[in-house]
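# Examining the three-dimensional arrangement
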Amino acid sequence: MEESPRPDPDDLLRKIQQEEAEHPRGHLKVFFGASAGVGKTYAMLQHAHQKSKDGVHVTVGIVETHGREETASLLEGFEQIPLVPVSYRGRSFEELNLDGILERKPQLVLVDELAHTNVPGARHKKRWQDVEEILNAGIDVYTTLNVQHLDSLNDIVGQITGIHVRETVPDRFFEKAEEVALIDLPPDELIRRLDEGKIYIPKQAEKATQSFFRRGNLIALRELALRRTADSVDSKMREYRTGRGIKQLWQTKERILVCVGPHPESERLVRAASRIASALHADWIAVYVETPDLAQLSLESRSRIFTTLKIAEDLGAHTSTVSGTDVPQTLIAFAREHNVTAMVLGKARKKGIWNWGRKDLTNEISQLDPSLLLHVIGEAQTSKPRQSISRRASKFLWKPYGIASLILAFVTIGCTLLYPYLDLANIIMAYLVAVVFIAFRHGRNPGLFTSILGVLCFDIFFVPPRFSLGVQDSRHLMTFAIMLGVAVLVGTLTSKLKFQATVAARREHRADILYQVGRELANSLTVEKAVEVAVHHISGIFSARTRVLLPDAQDKLQIPQNGVEGEGWKIDEGLAQWCFENRKPAGMGTDTVSQSSVRYVPLPGTMKIRGVVAVEFASADFVRLPEQVRLLETIATQVGQTLERIHYIEVAQDSIVRMETERLRNTLLASVSHDIRTPLAALVGQTGNLLTLQDSIPREMRHIVQNIHQDAERLGNIVRNILDMASLQSGQVQIKKAWQPIDEVIGVSVAEILRLYPGLPLDVDIPESIPLVEIDSVLFDRVFSNLLGNAVKYAGLQAPILLSVRALPDEIRIYVEDEGPGIPEIKQNAVFEKFKRGDEEHSLPGVGLGLSICRAIVEAHSGKIWVENRSPKGARFVVSIPNRKPPENIQAAWEAHDTELS
C-alpha cells in the first residue's frame, strides 16, 4: 500500500506562524472586475444579503450606488454606519467612519471602492489602509476593486488605455484576501449597459466610450483581470497542497533583484519585477547603488529614490541601499551575497551626446556573471545626471570651478615667475598637484575641468612658442596627451578615493552610533535608564525632541504631562496608540496622518511591542532620507529589545522571590503542622473517650466536650491538608494506582462525612454500569472528602448535597452539587489556587488549601477538575478522569467477585 506523503515540517511551521500572526484577523473577500459597471457592488450586496440570512451581523461602512436604483434597493435592511465629515480647503467631504465601525464591531462590514484616496485630514491616506485596520480588529470585510487599480498592473493599464490611474492598491494587500470573486461581463454587454445609462449619465457615457470604454481596451482589461484572478487561485491551491503534503516541494527558491535610481523609469522597472516575481513565485529585492555622482543629487531626487523603494516595499520586495563606485561590480557582489538568480534591468537608448561612451549595464553584468538570468524591460530613457539636481543646488555649481580656475591661476603665475629655474617636467607636476587637490576637495567633474584647463595653461604659457596654442616640437603633443591622461586618471582615482572614504566615514559614524546606543542600553538595568538613554541619543542624533511612551498593564500608552504641553509640542495620543496597536510607524513621512509634525515609531521586542517613541524633527528633510529613517528604526528596535530584556529580568526576579517565599512558607507550615499533629491527635482521642462516657458527664459539660471534639477534628483536617500540599509540592507522594470500583472509594468518603455531620441531606447516585477506574484510592478519598466538606461549609448542614457519577466514552465524571451561594464566574479558576477561597468576605473556617489539593491529585491522575454554577443557585464541582479499559484478567476477577456477592 502506497504511503501518503507527509507535509513538510518547515512549511507547516511557517503556515502556523502565519496564522498566529494574523489571528484574530478578519477575512477579506474582494469582488474583482475588469472595469466599472461589471456589477461588483451589486454582487457584493447580494452576497451580503445571503450572509445576513445565515445570521451574520452585516453593516454598511460605505457603498457608492452612483445613482443606480437596482443597487440602492439592495441597501435596504442593512445597518449603515454614518459617514464622518472631513473638512478640506473650505469644503466638507464624507469619508468612511473607521472609529464607528471599530466601536460597533459587526461580524461583516461592506466597504466599496477599495482603491479610494481619502481626503487629507483622515487617519489614513488610502481606504485600503482603513480596511486593513478593520481586518486587524477581527472584522470580516467585503470590498470591490477594478484591475486598473492594482499597483503592479498600473503601468500596463496606462499603456493600454492611455490613462494613468493614480489610485492604486498594493499587491501584497490584495494577495492577503482569503477569497477573490471575479465579476465578469463581456465587453459588448458592458458597452450596451454604458449606452443604456446604467453606468454613467449620457454625457459621461459618451466621453467614456471614446476613451476608456473602447472595445479593445475592455478586452485587454478583461484578460488582465482573468489572469490576475487565476494567479490568486493558483496561490491558494499551492497553499492547500503544501499544507496537506500532497506534493513534496523543492526547498530552493528563485530570488530576483532590480536596481533602482533617480530616473522615473525606475518605478516601471519595479512594477515589472513585481510581476515577474509573482509569476515565478519568487522573492525579490530592490537595490539602490549610490555612486559618487548620485551622492551629489539634490534632496528632491533622493526623495524620488526613496519613493521608488517605498513602492517596491508595498509590492512585497525587500529593499537595500549600498554604496559603490562601479554599479555593475556592486550589483554582482550584492547578487552573489544574497543568492540572487535573476536580475531585472532597463535597456538604455544610445542617443544623444550625454550617452557617448556610456557602457551598457546589461552587457557588463552578463560578462561579469553569465550564470545570472537577465530580464531586460523595454528601452528606458537615460537622463543626464545634472538634470536631476535642483535649482537650489545649481546656484553653487560654479563655485568648485571658480576655485579650480583661481588655483590654476596661482600655479601659472608662480611657475611663470620661476620659469627660468624650472624644467617643464617640474611645471607639469605642479599642475598635477592642483588637479589632485581639486578632485579631492570637489569631486570628479571639477577635477576633469582642472585637468583640461591645466593642459591649456601649460601649452599657452610654458611650451614654445609661449603665449600661443601652437607648438614648435610635435613631441609636445604627446606630452599634452600624457599629461591630460595622467591628470584625468589621478583626478578620477582621487575622487573615488574621497567618495569611498566618505562612505566609510558615514558607515563608521552609524556603526559608532549604534555601538554607543547598544552599549549604554546593555548597561541599563531599569526601564527609566533605558528610556533616558533612548531620549538622549535620538534627540542628539536627529536634532529632535523625543518622548518614549510606555504602555500600562492594559496596554494603554501613558502620555507624560510635560510632554504634552510643558515643552511646547503636542503628542497625538490616539495616533500614538494606533502606532502601538498596529506595529507600524505613523505621523510625519508615513501613510498614516502624514500631515502630523511628529513621527511615531514602535519599539518592537521579540514577543510584543514594548512602547512607542515620538520624535519631532527640526526639519521634514530627515524623514525623506532612507538612511536616517532606517537608523531611527534600528535604534527603536534596540530600545524595544532592551525594554523586553528588562521586563523578563523583572519577571524572573519576581518568580525567584515567589518560589523562595513559597518554599519557606511550605517548610514552616510543614514543621509547625508536624509539631501540632501529635498533641492534636491526643486531644481528639481524649475528647472521643469522654463522649463515650456521656452518662457520667454533666449535661452542661457534654455540649462543650462535643464542640471541642469537632473543632479538634476540623483542625486535624486543616493540618492534614497542609501536610498533603507540602508532600505534593516536594514530590514525596508516590501515586499507587490500582483498578477498583469508584463506588467503594466514594463510600468511604461518604461514611466519614456522615460521621462528622449526622443527618446531613446527602444523596449519592452511582449507576451499576460504571466501569473500574485506575486511581489511588487513598488520595481520591482526600478529593471526595474535601469536596463534600467544602459543600457543607458553604451550603450549610440543612442544604441538600448530590454526589453523582456518570460514564462517558472517554472519561468518567464525578459531580458534587450543592445549593449554596455559588461562586462568581471571575473566581471560578482562582478557587483552585493555594490559600484562595470562594467567599473571602465571611470568616468561614479553613485556610483555602482543600481545592488546591484536589486539583493536584486529579491532575496527577491525568484528569481535570472545574467548577460551574447551577441554576437557580448553587455550585457544581466536576472531576473528570480517563475512562480506560482495564486488563481482561482484572475485569474477569471483579466480575466473579460481584457474582459471589450477589
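How each quantity is defined
Residues numbered from 1 in each chain as written. Predicted model: local features only at pLDDT ≥ 70, side-chain atom pairs only at ≥ 80, totals over all residues. Heavy atoms only, no water. Helix = DSSP H or I, 4+ residues; strand = E, 2+ residues; numbered from the N terminus. Buried < 20%, exposed > 50% of the residue type's maximum accessible area, 1.4 Å probe, protein only. Contact = heavy atoms within 4.5 Å. Areas by Shrake-Rupley, 256 points an atom, 1.4 Å probe, with all protein chains shown as cover. Expected span 1.5 Å × (residues − 1). Polar contact = N/O pair within 3.5 Å; in protein donor to acceptor, adjacent residues only side chain to side chain. Axes fitted to C-alpha atoms, helices over the stretch in contact; angles between N-to-C directions. Parallel < 35°, antiparallel > 145°, perpendicular 65-115°, else oblique. Left-handed = near helix turned anticlockwise from the far one by under 90°. Nonpolar A, V, L, I, M, F, W, Y, C, P; charged D, E, K, R; others polar. Pairing = 2+ DSSP bridges.

## A short note on the overall build of the protein
In terms of helices and strands, the protein carries 29 helices and 24 strands. For the protein, with 902 residues in total, the buried portion stands at 42%. Partitioning the contacts of the protein with sequence separation of at least 6, the portion at a separation of at least 24 is 69%. For the protein, the exposed area adds up to about 48,700 Å²; of that, 55% sits on carbon and sulfur atoms.

## A few points about unusual backbone geometry
With an omega of 10°, the peptide bond running from Ser 871 to Pro 872 counts as cis. Within the fold, Pro 872 resides in the loop between β23 (864-869) and β24 (875-882). The backbone of Glu 113 shows a phi angle near 55°, a positive value even though the residue is not glycine. Structurally, Glu 113 is set in the loop between β6 (108-111) and α5 (127-136). The residue Arg 583 is not glycine, and still its phi comes out positive at about 60°. Within the secondary structure, Arg 583 is located in the loop between α23 (573-582) and β15 (586-587).

## Brief notes about helix α27 (residues 777-795)
Between its first and last C-alpha, α27 extends 26 Å over 19 residues, near the 27 Å set by a 1.5 Å rise per residue. Counting buried residues in α27 gives 14 out of 19 residues, a clear majority hidden from the surface. Taking the backbone nitrogen of Val 778 as reference, a side-chain oxygen 3.1 Å away marks Asp 776 as the first, capping residue of α27.

## Looking at the packing of helix α14 (residues 327-337) against helix α15 (residues 361-368)
Helix packing geometry: the angle between the two helix axes and the distance between the axes. Direction vectors running N to C along α14 and α15 enclose 45°, while the axes themselves pass 10 Å from each other. As judged from the angle between their axes, α14 and α15 are oblique. Crossing angle aside, the handedness with which α14 passes α15 is right-handed. Contacts between α14 and α15 involve Val 327, Pro 328, Gln 329, Leu 331, Ile 332 and Arg 336 from the first element and Leu 361, Glu 364, Ile 365 and Leu 368 from the second. Taken together, the residues that form the contact of α14 with α15 break down as seven nonpolar, one polar and two charged.

## Brief notes about the side chain of Ser 524
Mapped onto the secondary structure, Ser 524 falls in the loop between α20 (475-522) and α21 (527-542). Those residues within four positions of Ser 524 in sequence are excluded, and the remaining contacts are Lys 529, Ala 530, Val 533, Arg 645 and Ile 646.

## Details of the sheet that holds β23
In any sheet, the strands associate via hydrogen bonds between backbone groups, in a parallel or an antiparallel arrangement. On the basis of which strands lie adjacent, the open sheet formed by five strands has the order β19-β21-β22-β24-β23 and mixed pairing. The sheet is open, and its two edges are formed by β19 (762-765) and β23, each paired on a single side. The sheet shows a mean angle of 15° between the axes of neighbouring strands, direction not considered. Here strand β22 (residues 811-817) runs beside β24; their pairing, made up of seven bridges, is antiparallel. When the bridges of β24 are listed, Glu 811 appears paired with Pro 882. Strands β19, β21 (801-807), β22, β23 and β24 of the sheet are contacted by α27, whose axis makes an angle of about 170° with β24. Packing against the sheet, helix α28 (residues 850-860) makes contact with β23 and β24, and its axis sits at approximately 135° to β23.

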